[in-house]
Amino acid sequence: MRTYAQNSLAQDALHLLTDLQSCFKEKLTDVANSSDKLTNNSISTTMPFKSVDWLRDEGKHGGGTRFEAVEGGMFNRASINVSQIHYEDSPEKHYDSATALSTIIHPKDPLSPSIHMHYSLTILKDGSSYWRIMADLNPSHFNKDDKEYFDQTLKVAAKDHYSEGAKLGNQYFDIPALNKRRGVSHFYLEGFNPKNEDGAAFTNQFATKVIDTYIDLLSLHSVNIEQPTEAQQQKQLDYHTLYFYQVLTLDKGTTAGLLVHNQNDVGTLGSLPSHINRDQLSEWEALSPEPIKSLVTDLLAVLPKQTSCPITTEIKAELAQVIRAFYQK
């Protein structure tokens, strides 16, 4: 049986993030169903997401629920996860609880941008707490209007925090070895605990504005979906490979999640797209500095030897083991 944190701030954060999760899922479902009607999709479904529960220590220390996109709809991969892990009964842990909403949406349409968001509240043993706030737009095909709209939303929603968040976001998603950056519009606040502002209220209004903007973008693109060309599909596959590389070799949140426990490996890697370009990843192996090069070598060893390489549930579980073993070594 799943248990929950007793701290009132953690409880409030869980209610807030669960409401955001439900809102985002419902709005994505509306867009997916509208898109199915426009394209006469024979695999149309009114339920493009399925619910998956997972537990930490059989629920003793919490767990989470994520909504995963079902195959055959408008999403290549999509995951909307809310979790609450708590160690209020474990004095040896450095924090009491961590409550988070993490989501990545990869549309199937190459011209529709992906989005990543993360909002979390961590409460430490001394009673102090802080928010972590992330939002970034990740298109495989650059669209100037999409970027400007998303940037403007970040500026309005973040208010006085925009400059700091944009600077840290650009740094976080930078990939120096490849001279590339994942995504085109970034925002990231770490250790956010404003003195004259309600962190939960800020997170709620910021996340709501970002969600509404992304739904607008996805809706606009879904109206004009056409059969993608081979070149468009290839460019999307290459972008998905860049996403894969950044998440598995540079993303601190993903790495930390895999090192702390092995009870939700598939969920922790739920953001990975359905396929990547294995040949492209092999080329980047040679460009990667140590120790990242060794990690990429280990990742390649468990991937099927196909140019368009599927990232199945079983492969995600193997990748998680490789990453954990690499850092432990």
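Residues numbered from 1 in each chain as written. Predicted model: local features only at pLDDT ≥ 70, side-chain atom pairs only at ≥ 80, totals over all residues. Heavy atoms only, no water.

Per an unreviewed UniProt entry, the recorded name for the chain is coproporphyrinogen oxidase, and the organism is Aliivibrio wodanis. Looking at the Pathway (unreviewed entry) heading of the UniProt record, one finds this comment for the chain: "Porphyrin-containing compound metabolism; protoporphyrin-IX biosynthesis; protoporphyrinogen-IX from coproporphyrinogen-III (O2 route): step 1/1." The UniProt entry for the chain carries the following text under Subunit (unreviewed entry): "Homodimer." (UniProt positions renumbered as here; feature names shortened; annotations may be inferred.)

S.K.: Any chance you could break down helix α6 (residues 252-260) for me, citing the residues and the numbers?
M.R.: Of all the positions in α6, only Thr254, Thr255, Gly257 and Leu258 are classed as buried. Take α6 and look down its axis: the buried residues cluster within an arc of 160°, on one side only. Away from its buried face by more than 90 degrees, α6 exposes Lys252 and Val260. Buried residues along α6 sit in contact with α5 (230-249), α7 (265-268) and α10 (313-328). For α6, the capping residue at the N-terminal end is aspartate 251, with a side-chain oxygen 3.2 Å from the backbone nitrogen of glycine 253. (Buried < 20%, exposed > 50% of the residue type's maximum accessible area, 1.4 Å probe, protein only. Helix = DSSP H or I, 4+ residues; strand = E, 2+ residues; numbered from the N terminus. Arc of directions from axis to C-beta. Contact = heavy atoms within 4.5 Å. Polar contact = N/O pair within 3.5 Å; in protein donor to acceptor, adjacent residues only side chain to side chain.)

S.K.: How would you explain the sheet that holds strand β3 (residues 75-86) if you had to name every residue and give the values?
M.R.: Judged by pairing direction, the sheet is antiparallel, and its 7 strands sit side by side in the order β1-β2-β3-β4-β5-β6-β9 without closing on themselves. Here the strands that pair on one side only, and so sit at the sheet edges, are β1 (49-55) and β9 (185-192). When strand polarity is set aside, the average angle formed by the axes of neighbouring strands in this sheet is 10°. Pairing of strand β4 (residues 95-107) with strand β5 (residues 114-124), which is carried by 10 bridges, proceeds in the antiparallel orientation. Paired with isoleucine 104 across the strands is histidine 116, a residue of β5. The sheet strands contacting helix α3 (residues 162-172) are β6 (129-138) and β9, and the helix crosses β9 at an angle near 105°. (Pairing = 2+ DSSP bridges. Axes fitted to C-alpha atoms, helices over the stretch in contact; angles between N-to-C directions.)

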